[in-house]
Amino acid sequence: MSYRHHTRPAVSNWLFVMTGLIAIMILVGGATRLTDSGLSITEWRPITGAIPPLSQADWEEALELYRSTTEYQEQNRGMSMSEFQFIFWWEWGHRQLGRFLGLAFAVPLVFFWLRGDLSARLKPRLLGLFVLGGLQGAIGWWMVASGLVDRLDVSQYRLATHLGMAFVLLGATFWTALDARYGAPPVRAGNHTRWFLVLWGLLFVQILMGALVAGIDAGKIFNTWPGMNGQLIPDGYLAGLPFHQAIFESHAAVQLQHRWMAYVVTLAVAVTAFIIYREPRVALKPFMVILPALVVAQVALGIAALLAVAPLGLSLVHQAGAVILFIAIGAAAWTARRAV
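Residues numbered from 1 in each chain as written. Predicted model: local features only at pLDDT ≥ 70, side-chain atom pairs only at ≥ 80, totals over all residues. Heavy atoms only, no water.

## Considering helix α1 (residues 9-34)
Its 26 residues place the ends of α1 38 Å apart at the C-alpha level, agreeing with the 38 Å of an ideal helix rising 1.5 Å per residue. Just downstream of α1 lies Asp36, where phi reads positive at about 55°. (Helix = DSSP H or I, 4+ residues; strand = E, 2+ residues; numbered from the N terminus. Expected span 1.5 Å × (residues − 1).)

Here it is in structure tokens:
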């Protein structure tokens, strides 16, 4: 594409690297949730928490703090030190990666700013990303705190908020990287831009539904497909809850909604492929193949994970598929916005 650069290539390269790091962070966060590691560190120490336990006494103190949680008392009572260290390192690694992300964003931002490498249009957007990144750290602790007392796991609402913010950061960083590489968009947006943004929004909603599934372990029941134990709508759909509560808290309802939203996204991608087929702009043509291929692969991974009762490996591959599909739809939306 022949757009005039408004920044040095190093700026966009840095933002593409940050996009990749955020994607890795999402996967590490997923592994932390799926291994039930998130509550192993019961304190929020943004600076001193970077140093893990260094002695046996330090490890004993950390385990003693974990013993005060409901998760330990009702689910992991009698856990050995080696078992505790396994979940501790997952959570510590997740937090440490968050600290690294903050530095990897802040230090180059200051460097590029002082060198005058940033356009006036990019500066407020980059500051906004920095603020959102700091807010995400606070949301992470807010999520963890919900599971330290009177719960076996963190709140699925807060988990969905945390994951949702991660994908907002992923999409915003990727979009900004593209703008930094190719310059500002034209005054008039290209055809079908709104449709591509709606598709991106549909996938975002589906990702939030996936967070609810993970948050209440709803993927470990009704492990059949295409029906749910042979039923379209399973018994116990509402689980005795009011409808407005059941759609977020009933295991059956949460899983069914995630299934059907996957079909909605698949249909929307099929419509998108047809739109691209009729679209004269050559730049969009690759997405006519890329998006359907990715969504079919993602649905297949979801079914495989469901039938296998959500093992860690398959579940993480499924989450990685969501990240890749999200970035691909974002790239398609960005391309569609270009009126060329």
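So that's the structure; there's more coming.
## Comments concerning the nonpolar core
The biggest cluster of nonpolar side chains holds 63 residues, and the ones touching the most others in it are Trp14 and Leu126. The greatest single-element share of this core, amounting to 12 residues, is contributed by helix α6 (residues 156-182). Ignoring anything within four residues of it in the chain, the contact list for Trp14 reads Ala104, Phe105, Pro108, Leu109, Phe112 and Leu126. In this structure, Tyr66, Tyr72, Phe88 and Trp92 belong to the second largest nonpolar core, which totals 18 residues. (Core = buried A, V, L, I, M, F, W, Y, C linked by side-chain atoms within 4.5 Å. Buried < 20%, exposed > 50% of the residue type's maximum accessible area, 1.4 Å probe, protein only. Contact = heavy atoms within 4.5 Å.)

## Some thoughts on unusual backbone geometry
Following Trp225, the chain continues into Pro226 via a peptide bond in cis, with omega recorded as 15°. With respect to the helices, strands and loops of the structure, Pro226 is situated in the loop between α7 (193-215) and α8 (243-249). At Asp36, a position not held by glycine, the phi torsion is positive, near 55°. In this fold, Asp36 is placed in the loop between α1 and α2 (56-66). Overall, the relative accessible area of 23% leaves Asp36 in the partly exposed class. One non-glycine residue, Asp150, adopts positive backbone phi at about 65°.

## Notes on the packing of aromatic side chains
Two aromatic rings are characterised by how far apart their centres lie and by the angle between their planes. Evaluation of the coordinates by the stated rule reveals 20 aromatic pairs. The interplanar angle of 10° and the centroid separation of 6.3 Å between the aromatic rings of Trp44 and Trp141 together place this pair among those described as stacked. Of this pair, Trp44 sits in the loop between α1 and α2 while Trp141 sits in helix α5 (residues 122-145), placing them 97 residues apart in sequence. Cluster of aromatic residues (ring-pair linked, three or more members): Trp59, Tyr66, Tyr72, Phe84, Phe88, Trp89 and Trp92. (Phe/Tyr/Trp six-rings, centres within 6.5 Å; stacked < 30°, edge-to-face > 60°.)

## Comments concerning the environment of Met228
Within the secondary structure, Met228 is located in the loop between α7 and α8. Residue Met228 is classed as buried on the basis of its relative accessible area, which comes to 2%. Along the chain, Met228 and Gln255 lie 27 residues apart, while their C-alpha atoms are 9.4 Å from each other. If we skip the residues at most four places from it in the chain, Met228 touches Phe222, Pro234, Ala252, Gln255, Leu256 and Arg259.

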